[in-house]
Amino acid sequence: MALARHKLDSGWTFREGGSSSAEDWLPVEKVPSQVHLDLLANNRIADPFIDLNELSVRWIAEKDWIYRVQFKKPADLTAQGSVTTDLIFEGLDTFATVSLNGAEVLKADNMFLSYRVDISSLLKDDNLLEITFDSAMLRGRQLVEEHSHEHTFYVRQTEVSRVPVRKAQYNWGWDWGPILMTAGPWRPVYLEQYVSRIDDVWVHCEVSEDLKTCSGRVFAKVACVESEPVTVSLSLNGNRVWEKDFPVNADGLATGDFHIENPELWYPFGYGPQTRYELTATLSTRDKKSKLIGFRRSELIQEKDEFGKSFYFRINGQDVFAGGSCWIPTDSFLSQISAQRYHDWMKLMVEGNQHMLRIWGGGIYEDDALFDACDELGVLVWHDFQFACASYPTYPSYLESVEEEARQNLRRLRSHPSLVIWAGNNEDYQVQERYHLDYDYEGDKDPQSWLKSSFPARYTYEYLLPKIVKEEDPFMVYHPSSPWGDGKHTTDKTVGDIHQWNLWHGAMNRYQETFMLSGRFISEFGMEAYPHLETIRGSVQDPQQQYPGSMMMDFRNRAIDHERRMVTYVAENFQIKYDLPSYTHLTQIVQAEAMSFAYKTWRREWGKPGARQCGGVLVWQLNDCWPTMSWAVVDYYLVKKPAFYAMAHALKPLAVGISRTYHEWTAGHSDPTLPFRDTKFDLWIVSSRPESVQVEISVRFISIRNGGDVQPPLKLTTITAQANSTTEILKDNAVTAGDPELSDTTRPFNLSKYDPYIIHAVVKAGDTVIASDVSWPQPPKYLDFSSRGVKFKALSATKLVISAARPVKGLVFEETRATKLSDNGFDLVPGEEKVVEVTGVGLDSLFYTYIGAPKGSLEVSVSA
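Residues numbered from 1 in each chain as written. Predicted model: local features only at pLDDT ≥ 70, side-chain atom pairs only at ≥ 80, totals over all residues. Heavy atoms only, no water.

Novice: Quick question: what am I supposed to make of the overall build of the protein chain here?
Specialist: Secondary structure summary: the protein chain contains 14 helices and 46 strands in total. A principal-axis box enclosing the C-alpha atoms of the protein chain has dimensions of 100 × 65 × 65 Å. Every one of the 864 residues in the protein chain was classed for burial, and the buried ones make up 61%. Here the contacts in the protein chain between residues at least 6 apart in sequence split such that 71% fall between residues at least 24 apart. Summed over all atoms, the accessible surface of the protein chain reaches about 32700 Å², with 48% contributed by carbon and sulfur. Side chains of the protein chain give 89 positive and 116 negative charges; the mean places of these two sets differ by 3 Å. (Helix = DSSP H or I, 4+ residues; strand = E, 2+ residues; numbered from the N terminus. Buried < 20%, exposed > 50% of the residue type's maximum accessible area, 1.4 Å probe, protein only. Contact = heavy atoms within 4.5 Å. Areas by Shrake-Rupley, 256 points an atom, 1.4 Å probe, with all protein chains shown as cover. Lys, Arg positive; Asp, Glu negative; His and termini not counted. Charge placed at Lys NZ, Arg CZ, Asp CG, Glu CD.)

Novice: Hey, could you run me through the sheet that holds strand β3 (residues 26–27) in this one?
Specialist: Where strands meet in a sheet, backbone hydrogen bonds hold them as pairs that are either parallel or antiparallel. The six strands lie next to each other as β3-β2-β4-β9-β6-β7, forming an open sheet whose pairing is antiparallel. The sheet is open, and its two borders are formed by β3 and β7 (103–108), each paired with just one other strand. (Pairing = 2+ DSSP bridges.)

Novice: Would you take a moment to explain the packing of helix α3 (residues 339–351) against helix α4 (residues 368–377) for this structure?
Specialist: Angle between the axes and distance between the axes: these two values describe a pair of packed helices. Where α3 contacts α4, the two axes come as close as 8 Å, and the packing angle between them is 35°. Crossing handedness for the pair α3 and α4: right-handed. Touching A339, Y342, H343, M346, K347 and V350 of α3 are A369, L370, A373, C374, E376 and L377, all from α4. Class assignment for the residues of the contact of α3 with α4 results in nine nonpolar, one polar and two charged. (Axes fitted to C-alpha atoms, helices over the stretch in contact; angles between N-to-C directions. Left-handed = near helix turned anticlockwise from the far one by under 90°. Nonpolar A, V, L, I, M, F, W, Y, C, P; charged D, E, K, R; others polar.)

Novice: I keep staring at the packing of helix α12 (residues 580–604) against helix α13 (residues 642–650) and nothing clicks. Help me out?
Specialist: Running from N to C, α12 and α13 cross one another at 20°; their axes reach a closest spacing of 8 Å. When the axes of α12 and α13 are compared, the pair comes out roughly parallel. Helix-helix and strand crossings are classified by hand; for α12 and α13 the assignment is right-handed. Residue-level inspection shows Q588, Q591, A592, M595, S596, Y599, K600 and R603 of α12 in contact with α13, the latter providing P642, A643, A646, M647 and A650. In the contact of α12 with α13, the residues fall into eight nonpolar, three polar and two charged. (Parallel < 35°, antiparallel > 145°, perpendicular 65-115°, else oblique.)

Novice: Could you clarify how one ought to interpret unusual backbone geometry in this entry?
Specialist: Across residues other than glycine, the phi torsion is negative in most instances, and most of the peptide bonds are trans. Going from S482 to P483, the amide bond is cis rather than trans, its omega being 5°. Between W620 and Q621 the backbone carries a cis peptide bond, its omega angle lying at 15°. Relative to the assigned elements, Q621 resides in the loop between β30 (616–619) and α13. Not every positive phi belongs to a glycine, and M508 is a case in point at roughly 50°. Relative to the helices and strands, M508 resides in the loop between β28 (498–499) and β29 (522–524). Look at M508 and you get partly exposed, because its relative accessible area is 23%. For T718, which is not a glycine, the phi torsion comes out positive at approximately 50°.

Novice: Which parts of the structure should I look at to understand the nonpolar core?
Specialist: It is characteristic of soluble globular proteins that their nonpolar side chains tend to be buried jointly. Counting residues in each nonpolar core, the largest one holds 243 residues, and the members touching the most others are L129, F295 and F813. Beyond its immediate chain neighbours, meaning those up to four positions away, F813 contacts H532, F792, L800, I802, L821, N824, F826, L846, F847, Y848 and V860. F681, L683, V695 and V763 belong to the second largest nonpolar core, which has 23 residues in total. (Core = buried A, V, L, I, M, F, W, Y, C linked by side-chain atoms within 4.5 Å.)

Novice: Is there a simple way to think about the pattern of salt bridges in this case?
Specialist: Any two side chains of opposite charge can pair if their charged atoms end up close together. Scanning the entire structure with this criterion turns up 53 salt bridges. The salt bridge involving D486 is made with K309; its shortest N-O contact spans 2.9 Å. Pair noted here: D486 is in the loop between β27 (477–479) and β28 and K309 is in strand β20 (residues 308–309), with a separation of 177 residues, a long-range link. Of the charged contacts in the structure, one is a salt bridge between E472 and R411, with a shortest N-O distance of 2.9 Å. In this pair, E472 is assigned in helix α8 (residues 457–472) and R411 in helix α5 (residues 396–413), connecting sequence segments 61 residues apart. Overall, the relative accessible area of 7% leaves E472 in the buried class. We classify R411 as partly exposed; its relative accessible area is 36%. What emerges from the salt-bridge pattern is a single network uniting D200, K291, E403, R407, R411, R414, K467, E471 and E472. (Salt bridge = Lys/Arg side-chain N within 4 Å of Asp/Glu carboxyl O.)

Novice: Can you walk me through the sheet that holds strand β34 (residues 709–721) in this structure?
Specialist: The four strands are arranged β34-β33-β36-β37 in an open sheet whose pairing can be described as antiparallel. For this open sheet the edge positions go to β34 and β37 (768–775), each flanked by a neighbour on one side alone. Within the sheet, the average angular offset between the axes of one strand and its neighbour, ignoring direction, is 15°. Where strand β33 (residues 693–703) lies against strand β36 (residues 757–765), eight bridges are found, and the strand directions are antiparallel. Note that in β36 the partner of E696 across the bridge is K764.

Novice: How should the packing of aromatic side chains be read in this particular structure?
Specialist: To describe a pair of aromatic rings, you give the distance between the ring centres and the angle between the ring planes. Inspection of every chain in the model, using the stated rule, returns 65 aromatic pairs. With a centroid separation of 6.1 Å and 75° between ring planes, the pair formed by F313 and F521 is classed as edge-to-face. Here F313, found in strand β21 (residues 312–315), pairs with F521, found in the loop between β28 and β29; they are 208 residues apart in sequence, far enough to count as distant. Across the pair, exposure class does not vary: F313 and F521 are buried alike. Taken together, the ring pairs in this structure connect F387, Y392, Y429, Y439, Y441, F455, Y461 and W484 into an aromatic cluster. In this structure, R68 is placed above the aromatic ring of W25, and the distance from its NZ or CZ to the ring centre is 3.8 Å. The cationic tip of R612 hangs over the ring face of W606; the distance from NZ or CZ to the ring centre is 4.0 Å. (Phe/Tyr/Trp six-rings, centres within 6.5 Å; stacked < 30°, edge-to-face > 60°. Lys NZ or Arg CZ within 6 Å of the ring centre and 35° of its normal.)

Novice: How should the side chain of E366 be read in this particular structure?
Specialist: One can find E366 in the loop between β24 (356–359) and α4. R187 is the oppositely charged side chain nearest to the buried, salt-bridge-free E366, at an N-O distance of 5.5 Å. In terms of polar contacts, E366 uses its side chain to reach the side chain of W327, at 2.9 Å. (Polar contact = N/O pair within 3.5 Å; in protein donor to acceptor, adjacent residues only side chain to side chain.)

Below, the structure written as structure tokens:
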């Protein structure tokens with residue numbers, strides 16, 4: 001018989017543990033689910049995403065919960081003695097005792113594991129399946145107490161009970177998310193019946209350096225097979241290109257050599273096609289398993305150079321600047337994330353020219369749907385193992401669970417071509433540094449001694465995990481941690497990756513100082529901003545609380561000292577307005593400016609082959625797990641903040657950048673007129689294109705006061721933008737415009753004679769504009785933004801033309817879930833029209849504002 005699957009997704013009920021009344025059983029709409037969702041659906045709790053309601057549901061964390069379902073033996077489950085019936089849980093959250101018809105069949109203690117139980121001998125015509133979920137918070141506290149004699153549980157972020165529990169760590173809360181301790185069958189539950197079964201089929205192979213062959217071994221893992229061979233085949237576009245039969249050994253493994261000529265390769269988007277083959281294993285007519293796989297040659301290039309040691313990715317022989325984002329779980333309730341929602345998120349990555357997604361170590365081993373989308377769309381994935389911001393233990397039962405967790409998830413994800421690197425953890429070596437735990441990278445190379453040290457998790461990250469990766473996915477790149485570089489301090493800018501948190505956290509550097517903050521690969525940095533007003537008003541629903549600094553608004557933002565940091569960055573750069581629409585806009589422009597400065601500055605350091613000073617930049621963070629104010633550049637509802645568009649511009653396949661000489665303006669005895677007196681600027685192009693491009697560049701210098709040109713434009717013709725490199729065009733080029741009197745430091749600086757200007761560069765290939773950039777005097781708060789003369793004109797029902805008489809900074813349309821825009825958060829330049837495509841809403845329903853606008857929310861008035 002062929003394998004049959006029967007879902008157990010309906011008919012469930014649940015109740016709090018310890019309750020004895022039959023009336024306490026409540027219906028579960030569907031499984032997968034988690035307890036908060038079921039309590040909410042039964043009107044037993046308020047929505048924790050709204051107002052202060054999260055506080056009123058924290059009691060759930062310290063309760064046990066019971067789920068059960070009654071089901072009949074499916075009609076096609078025969079009584080044949082050779083037939084096996086398995087009960088499969090793809091995920092149980094977290095400490096679960098499972099019984100079938102009164103017999104205990106499973107005890108689970110790891111959210112990241114799937115479980116398969118043979119229930120053939122227990123199955124009846126009518127069956128009762130029951131799962132008791134213990135409180136993970138209480139069990140975590142017990143484990144800390146039980147093992148405190150052998151390990152010190154240091155923790156950054158939330159309470160220590162999370163550390164010994166193999167559960168999504170962000171459930172305990174984080175500095176961007178709520179405390180929502182979930183429980184329940186969070187991934188599918190079903191029965192499988194079979195005579196024989198194919199567990200998995202996969203290939204360990206390497207594409208040759210010349211990209212002309214792909215060689216290795218193919219594997220199929222089967223169950224309940226004695227003598228029948230397995231047929232493994234490979235197809236492309238429905239055409240079979242390779243096929244072989246393999247015998248099955250006593251361990252149920254079939255394996256043999258694999259080799260194909262001239263493979264069609266998988267590339268990240270913009271570098272080539274996302275070709276995928278279908279790999280299939282077949283057991284006669286009884287079972288068949290297929291998956292889509294891709295072939296690519298993936299390398300992490302770490303070579304000594306003039307800057308230290310490089311850190312960048314090379315895919316199929318092409319160096320790839322890894323501009324992108326970090327990813328947190330995209331919902332506090334994981335069971336309600338659909339495959340379509342994952343796909344929509346990954347489409348945003350492509351729309352934003354973002355080539356790499358880093359899956360952070362305090363969430364989950366992400367869903368197959370996310371990786372399917374990345375494979376399809378060409379997004380590279382960096383995945384942390386699930387450890388974050390703590391000193392994790394290594395007692396034997398814990399390590400056994402971690403090993404099984406690592407093996408299961410490596411096996412599940414190893415066939416995805418988008419996945420190019422595993423990192424051991426997130427920031428655990430920073431915990432080692434903070435608490436001065438034992439770590440002698442060069443002097444102590446004995447893994448057994450690490451287990452006896454005050455930092456035993458080194459054993460996990462530098463011995464156990466790399467060993468498992470090598471065994472399960474031998475051509476995969478492994479990196480001990482993020483950040484990490486050859487055992488040096490995690491802030492070392494010459495090696496490995498760094499988390500650059502001297503923006504926002506730490507020294508709170510100005511975003512104009514990003515040129516001082518670079519590294520070989522920046523795998524975290526960020527700047528907070530409010531989401532758009534619809535999201536704010538939907539989560540803070542009390543109108544009396546809808547203002548910056550209200551109790552509910554403060555509660556909504558979980559970043560430490562968020563208000564003092566946010567207002568500092570706003571006040572440093574812009575004139576403060578504190579009504580909700582205006583302040584929302586100001587925070588969004590601060591974030592967008594920080595992204596623009598960072599991505600332009602650090603991508604400039606992509607350099608050229610052999611001199612890749614910076615190999616990638618990943619913002620913290622792409623997304624949110626609930627409606628909030630955070631570092632996310634897209635909010636919980638997939639509504640983009642202006643920063644998203646700023647990144648998209650800086651990461652275009654060919655981008656132009658302008659930078660002026662930086663001078664401090666509020667540090668001690670700094671001279672605030674220096675930014676005005678110093679007229680030097682740099683101009684460069686950075687390209688990811690595989691070929692050189694001939695371009696023309698025009699540079700205008702435009703008065704902010706009156707919109708006129710303060711000096712004739714520069715015309716730079718026959719410029720060659722070098723392939724996949726940075727091309728420096730101008731260095732310390734001085735602008736001659738301005739009153740000579742202003743440069744005389746022996747005379748008082750006459751502000752009335754100072755005519756500040758923007759520098760606007762446009763790059764064309766033929767008649768096509770392919771890139772542009774605008775550089776403003778810093779800080780913008782010193783500038784007069786009155787009387788900008790902004791006008792709107794409709795080209796069609798979905799095309800809006802915006803123009804201005806004088807330069808405009810940070811024009812932002814209020815986005816909603818229905819609104820789709822081709823651009824937002826942009827500057828306007830006199831003499832040029834900005835065309836924005838608008839879908840989902842009418843042009844006359846739009847609201848907007850800009851720096852210096854009379855109000856924080858203005859209605860768009862469209863002329864025909």
